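As a plain string of letters, each chain reads:
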Amino acid sequence: MHGYVIVIEKAGANWSAYVPDLPGCITTGATPEECERNMAEAVSGHIATMREFGDPIPEPSTQVSRVEVAAA
């Protein structure tokens, strides 16, 4: 089993998400939580399609870190 980092961003009236390690794997949702649920399905489908076409499945390589700074 692989654990891929997803990025969830506010996109106007909804939210969108993508997987840096799986180019083209994107989804949207009304809330961040819905986006995360949708992304689980999107990643599974994306990887299944890659396997179907014989494409190599990338190992997760993206790391997430957070920095705290004072607002100016």
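Rules of the game
Note that residues are indexed from 1 along each chain, following the sequence as it is written. Per-residue local features of the predicted model are confined to residues with pLDDT of at least 70, and side-chain atom pairs are confined, for both listing and counting, to 80 or more; whole-chain, interface and lining totals are unaffected and use all residues. Only hydrogens and water are removed before side-chain values are computed, so all heavy atoms of the structure are retained for them. The way it works is that DSSP assigns letters per residue, a run of H or I at least four long becomes a helix, a run of E at least two long becomes a strand, and they are numbered from the N terminus. For every residue, the accessible area (1.4 Å probe, protein chains only) is compared with the maximum for its type, and the residue is labelled buried under 20%, exposed over 50%, or partly exposed between those bounds. For the purpose of counting charges, residues Lys and Arg are taken to be positive, whereas Asp and Glu are taken to be negative. His and the chain ends are not included. Definition used for salt bridges: Asp or Glu carboxyl oxygen within 4 Å of a side-chain nitrogen of Lys or Arg. What qualifies as a polar contact is a pair of N or O atoms within 3.5 Å, subject to a donor-acceptor requirement within protein and to the restriction that residues adjacent in sequence count only when both atoms come from side chains. By definition in these notes, contact holds between two residues if any of their heavy atoms fall within 4.5 Å. Each pair of strands is called paired provided DSSP finds at least two bridges between the two strands. Axis geometry follows a simple rule: fit a line to the C-alpha atoms, using only the stretch in contact for helices, then measure angles between N-to-C directions, giving values from 0 to 180 degrees.

Engineer: Whenever I open this one, the side chain of Asp 21 confuses me. Can you help?
Structural biologist: Examined against the element boundaries, Asp 21 turns out to sit in the loop between β2 (14-18) and β3 (26-29). One buried charged residue, Asp 21, remains without a salt bridge, the closest side chain of opposite sign being Arg 51 at 14 Å. Polar contacts involving the side chain of Asp 21 include one to the main-chain amide nitrogen of Ser 61, which spans 2.8 Å. Aside from chain neighbours lying at most four places away, what touches Asp 21 is Tyr 4, Pro 58, Glu 59, Pro 60, Ser 61 and Thr 62.

Engineer: Mind showing me how you'd approach the pairing of β3 here?
Structural biologist: Walk down a regular strand and you will see the side chains alternate between the two sheet faces. Across the two faces of β3 the burial differs, with Thr 27 and Gly 29 buried and Ile 26 and Thr 28 not buried at all. Judged from the 4 bridges that link them, β2 and β3 form a sheet pairing that is antiparallel. By the bridge assignment for β3, Ala 17 is matched with Thr 27.

Engineer: Looking at this structure, I do not really get the sheet that holds β2. What am I missing?
Structural biologist: Taken in spatial order, the 3 strands of this open sheet run β1-β2-β3, and their pairing is antiparallel. Each having just a single partner strand, β1 (7-11) and β3 make up the two edges of the open sheet. Each strand axis lies, on average, 25 degrees off the axis of its neighbour in the sheet, ignoring direction. As paired strands, β1 and β2 are joined by 5 bridges and run antiparallel to one another. Looking at β2, one finds that Ile 8 is bridged to Ala 17. Across the sheet, helix α1 (residues 32-52) is in contact with β1, β2 and β3; its angle to β3 comes to roughly 150 degrees.

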